[in-house]
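Structure assessment
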Amino acid sequence: MKLYMISAMAENRVIGNKGKIPWSLSSDLKRFKTITYHHPVIMGRKTYESIGDILYGRKNIIITKSDKDTTKAEILKKYTSKLSTKESQLALQLAEIDSKHKRIQDEENINGLKAQWNPEVYVCNSKEEALETVGGLEASYKNKHDMIPFVIGGRQIYKMFMSMADRLFITLIHGAIPGDVRFPTIREKEFTKISDKMGGGNPKHSYIIFERHAASHLSLQ
Ligand SMILES: NC(=O)c1ccc[n+]([C@@H]2O[C@H](COP(=O)([O-])OP(=O)(O)OC[C@H]3O[C@@H](n4cnc5c(N)ncnc54)[C@H](OP(=O)(O)O)[C@@H]3O)[C@@H](O)[C@H]2O)c1
């Protein structure tokens, strides 16, 4: 099974501070959505808390040591408590489409809106269980690329899956930023940089992709 990771980190590898991401970069959030859309996303319970909601259009796999049923019930309760706001947002967006007499051609957009009604949440107690869950979801995908899971953080969960990662999508925020959570070390003997492009906007940042050396995979088997 292929597995990817996506993270935004500063040059001192800081990814978080007091439960939040310590910068605001809307272009990176858009990029994150584009890259992870449709895919299973694997996250730690603290990252779920920091996002504050389920990511729609994606299968959310949340790892915790707590009881799975209780955690899932709490997540869904929080989700449905926001539903009335989401319902009105959805109604407004659909009304806007109607009022402009637009045909609904943007299937992805509409499916994204509809997916807000159908949260896909899987709570797991271990790495193995998360991988089993991803394996069980494969049949629901028509497109093989979409079934590749993305590990989206935080540090504890990046560390857990690092030895399996085939590709790392890193947004590198230029400069050092104070924080209390860091991305694990990316070892040069395991990964090669295959792309490095400047992004637009502030703080200054670059989009970097690392790929695992084929030989490094072999040595892990
Ligand atoms: N910049 C970025 O791209 C980015 C991305 C993601 C997150 N972040 C930031 O990173 C921080 C959160 O990262 P974090 O490392 O503190 O937390 P995390 O990895 O998101 O979640 C940690 C939680 O995962 C669960 N867990 C960990 N190991 C486990 C195991 N072996 N078995 C079962 N469950 C396990 C535990 O949940 P329970 O406590 O429920 O048992 C643990 O508290 C936040 O500041 C967030 O904003 C930044």
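Residues numbered from 1 in each chain as written. Predicted model: local features only at pLDDT ≥ 70, side-chain atom pairs only at ≥ 80, totals over all residues.

All right, on to the nonpolar core then. Note that soluble globular proteins tend to have their nonpolar side chains buried in a common cluster. Judged by nonpolar contacts, the single largest core of 38 residues is most densely connected at Met 5, Met 9, Ile 42 and Val 151. Of the residues forming this core, the biggest block, six residues, is contributed by strand S1 (residues 4-10). Excluding residues that lie within four positions of it along the chain, Met 9 makes contacts with Val 14, Ile 15, Ile 170, Leu 172, Ile 173 and Phe 183. (Core = buried A, V, L, I, M, F, W, Y, C linked by C-beta atoms within 7 Å. Buried ≥ 20, exposed ≤ 12 C-beta atoms within 10 Å, placed from the backbone. Helix = DSSP H or I, 4+ residues; strand = E, 2+ residues; numbered from the N terminus. Contact = placed C-beta atoms within 7 Å.)

With that settled, the discussion passes to the environment of Gly 179. Locating Gly 179 in the fold gives a position in the loop between strand S7 (167-173) and strand S8 (181-182). Residues Gly 179 and Arg 13, spaced 166 residues apart in sequence, show a C-alpha to C-alpha distance of 9.2 Å.

The immediate surroundings of the ligand are formed by 27 residues, with Gly 16, Gly 44, Thr 47, Gly 153 and Gly 154 found nearest. Ranked by residue count, the leading element in the shell around the ligand is helix H2 (residues 45-51), at four residues. Looking at the shell around the ligand, its residues break down into nine nonpolar, 13 polar and five charged. (Near = placed C-beta within 6 Å. Nonpolar A, V, L, I, M, F, W, Y, C, P; charged D, E, K, R; others polar.)

Here we have eight strands laid out as an open sheet, ordered S5-S4-S3-S6-S1-S7-S10-S9, and mixed in their pairing. A single partner strand is all that each edge strand has here, and the edge strands are strand S5 (121-124) and strand S9 (191-198). Taken over all neighbouring pairs, the strand axes of this sheet differ in orientation by 25 degrees on average, direction set aside. Both strand S3 (residues 40-44) and strand S6 (residues 150-153) contribute to a ladder of three bridges, which runs parallel. By the bridge assignment for S6, Ile 42 is matched with Val 151. Strands S3, strand S4 (59-63) and S5 of the sheet are contacted by helix H6 (residues 127-137), whose axis makes an angle of about 165 degrees with S4. (Pairing = 2+ DSSP bridges. Axes fitted to C-alpha atoms, helices over the stretch in contact; angles between N-to-C directions.)

With respect to the secondary-structure elements, Glu 211 resides in strand S10 (residues 205-212). For Glu 211, a count of 17 C-beta atoms within 10 Å corresponds to the partly exposed category. Each C-alpha atom of the pair Glu 211 and Lys 193 lies 6.4 Å from the other, and the pair is 18 residues apart in sequence. Once residues within four sequence positions are removed from consideration, Glu 211 is found in contact with Asp 166, Arg 167, Phe 191, Thr 192 and Ile 194.

Glycine aside, negative phi is the norm for most residues, and most peptide bonds take the trans geometry. Here the amide bond leading from Gly 153 into Gly 154 is cis, since omega sits at -5 degrees, within 30 degrees of zero. Asn 202 connects to Pro 203 through a cis peptide bond whose omega is -5 degrees. Following the sequence through the fold, Pro 203 ends up in the loop between S9 and S10. Backbone geometry places Lys 18, a non-glycine residue, at a positive phi of 50 degrees. Locating Lys 18 in the fold gives a position in the loop between strand S2 (14-16) and helix H1 (26-36). The exposure class of Lys 18 is exposed, given the 9 C-beta atoms found within 10 Å. A positive phi angle is found at His 38, which is not glycine, with a value near 80 degrees. Tracing the backbone shows His 38 in the loop between H1 and S3. You can call His 38 partly exposed: it has 18 C-beta atoms within 10 Å.

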